[in-house]
Amino acid sequence: MFFQSVSKIALFSIAAVFAFSCATQPQPQPEAVSQTETDAHTPPAPEPEHSPAEKSAAQRYIERIEGVTLSVAKSPKETEAQKPFLQPYIIRAEKNGEPLAHFQISAYFLGSETPLETDENGEARYLPPVPSRAMLNIVSFFPSAIEGDMKKDFDLFIECTQRSVRAPYAVHTDKLAKGGVILVLDTDKNGFDENLPSGSLIQAALRQKGFTNIGNGPDFSDAVLSGDREKIYASAQSFLGKNYTGFLLYGTIRQNAAETDENGYSVSVSAHIFCIDMKDGAPITALEFSTSGTGKTHAQALKTAREAVAKEIALALYYNL
């Protein structure tokens, strides 16, 4: 196209000069060049642009679901481990605001994908399998990838993930009566409080969640302060006996520096809490976090912080034991 802009006159002049030059001067013969050498010095032709038929799986996915939106219309109430959910998840699909019938949706949970299809009202239902253990998690729903494998195609995986909607998945423990002992030490720069104030608060929080047969354990504080799980397990067994199959909750709640202002005190604490199954020493859960409490006095602020820790511990066991 560029050469079409050259005028006919210029072309004629160039042609005339070229003809005269050829007629008056002998022309050297060009050296023979092998096809291999020519190919070696010729730049490769540019790759043609992808035609619509050659679009990636991710691109075709985007085009197929244009205008489609998903929403979670209803989630089931939480259940107990080993018991089924009483209601399914209901997912609604719409396209441009209208119910989308016979549309394929995927439910994704713990690495497993379950295909669903909407009914005439644009709704699909998903009833999870009976849970084998306690867990607090989420379930994702997204338009199914008809082409491609999102486990192998990262771009497709990203598109599916970005278009997913999520719902809570809650299963509490079926071992509320399993029983357990608690040895959580309240520490500060001077050592630990032998009265174990947090132990009593943790017991109260666990009972509020329905736990029974729990109490403060025997004193093997040296093992707890060491942080050595095998040593702690062996020490607990020596006190409780090898036939004890409850849980052991142990760790420290360290009191940090307090702050004061015109409203009173603020005290922060750092919790390092661990729970193991005394049946075999297997870890159940671990919590490491900081929180704070406020109050008109230092003692009130510290108690508020410890109560917050106790509630977090009870919640963790409720969904992990």
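Our structure's up above, just so we're on the same page.
Residues numbered from 1 in each chain as written. Predicted model: local features only at pLDDT ≥ 70, side-chain atom pairs only at ≥ 80, totals over all residues. Heavy atoms only, no water.

I'm lost on the sheet that holds strand E9 (residues 165–172) in this one. Help?
Pairing between the strands of a sheet is mediated by backbone hydrogen bonds and can be parallel or antiparallel. On the basis of which strands lie adjacent, the open sheet formed by 5 strands has the order E2-E9-E8-E5-E6 and mixed pairing. Since the sheet does not close on itself, it has two edges, and those belong to strand E2 (79–80) and strand E6 (112–117), each with one partner. Note that strand E8 (residues 135–143) and E9 share 7 bridges and pair antiparallel. In the strand pairing of E9, asparagine 137 is matched with tyrosine 169. (Pairing = 2+ DSSP bridges. Helix = DSSP H or I, 4+ residues; strand = E, 2+ residues; numbered from the N terminus.)

Is there a simple way to think about the nonpolar core in this case?
As a rule of thumb, nonpolar side chains are buried together in soluble globular proteins. The biggest cluster of nonpolar side chains holds 31 residues, and the ones touching the most others in it are Ile202, Leu206, Phe247, Leu249 and Ile273. Every element with two or more residues in this core is listed here: strand E10 (180–188), helix H5 (197–208), strand E13 (247–261), strand E14 (264–277), strand E15 (283–295) and helix H8 (298–318). For this core, the element with the highest residue contribution is H8, accounting for 10 residues. Listed in part, the 29 residues of the second largest apolar core include Phe109, Val139, Met150 and Val165. (Core = buried A, V, L, I, M, F, W, Y, C linked by side-chain atoms within 4.5 Å. Buried < 20%, exposed > 50% of the residue type's maximum accessible area, 1.4 Å probe, protein only.)

I'm lost on the side chain of glutamate 159 in this one. Help?
Position of glutamate 159 among the secondary structure elements: in helix H4 (residues 154–162). Residue glutamate 159 is classed as buried on the basis of its relative accessible area, which comes to 15%.

Hey, could you run me through the pattern of salt bridges in this one?
Think of it this way: side chains of opposite charge can pair up when their charged atoms draw near. Inspection of the entire model under this criterion finds 10 salt bridges. The closest approach of N and O atoms between glutamate 147 and arginine 60, which form a salt bridge, is 3.0 Å. With glutamate 147 in the loop between E8 and H4 and arginine 60 in helix H3 (residues 57–64), this residue pair connects regions lying 87 residues apart in the sequence. Of the residues examined, glutamate 147 reaches a relative accessible area of 42% and is grouped as partly exposed. Notably, a salt bridge pairs arginine 92 with glutamate 123, separated by 2.8 Å at the nearest N-O pair. Here glutamate 123 lies in strand E7 (residues 123–126) and arginine 92 lies in strand E3 (residues 89–95), a separation of 31 residues in the sequence. Here glutamate 123 falls in the buried class, since its relative accessible area comes to 16%. Overlapping salt bridges bring together Arg92, Asp119, Glu123 and Arg125 as one network. (Salt bridge = Lys/Arg side-chain N within 4 Å of Asp/Glu carboxyl O.)

Help me out: how do you make sense of the packing of H5 against H8 in this one?
For any two helices packed against each other, the geometry comes down to the angle between their axes and how far apart the axes lie. Following both chains from N to C, one finds H5 and H8 inclined at 45 degrees, their axes separated by 8 Å at the closest point. By the angle between their directions, the pair H5 and H8 is classed as oblique. H5 and H8 meet at a crossing whose hand is right-handed. On H8, the residues touching Pro197, Ser198, Leu201, Ile202, Ala205 and Leu206 of H5 are Lys303, Arg306, Glu307, Ala310, Lys311, Ile313, Ala314 and Leu317. In the contact of H5 with H8, the residues fall into 9 nonpolar, 1 polar and 4 charged. (Axes fitted to C-alpha atoms, helices over the stretch in contact; angles between N-to-C directions. Parallel < 35°, antiparallel > 145°, perpendicular 65-115°, else oblique. Left-handed = near helix turned anticlockwise from the far one by under 90°. Contact = heavy atoms within 4.5 Å. Nonpolar A, V, L, I, M, F, W, Y, C, P; charged D, E, K, R; others polar.)

Please clarify how the layout of surface pockets should be interpreted in this entry.
Left-over empty space is what a probe sized like a water molecule reveals as it rolls over the atoms. Taken as a whole, the largest pocket encloses approximately 190 Å³ of empty space. Lining the largest pocket are 15 residues, with Tyr108, Ser140, Thr161, Ser164 and Arg166 positioned closest to its centre. Broken down by secondary-structure element, the contributors of at least two residues to the lining of the largest pocket are strand E5 (104–109), E8 and H4. Tallying contributions element by element places E8 first for the lining of the largest pocket, with 5 residues. A class-by-class count of the residues in the lining of the largest pocket yields 9 nonpolar, 5 polar and 1 charged. (1 Å grid on protein atoms, 1.4 Å probe; cavity = no way out; pocket = protein on both sides within 12 Å on 5 of 7 lines; lining within 4 Å. Points joined across faces, edges and corners; volume = space filled by probe spheres on them.)

What exactly am I supposed to notice about the environment of lysine 151 here?
Residue position: lysine 151 is located in the loop between E8 and H4. For lysine 151, a relative accessible area of 60% translates into the label exposed. In this structure, the C-alpha to C-alpha distance between lysine 151 and glycine 111, residues 40 residues apart in sequence, is 9.6 Å.

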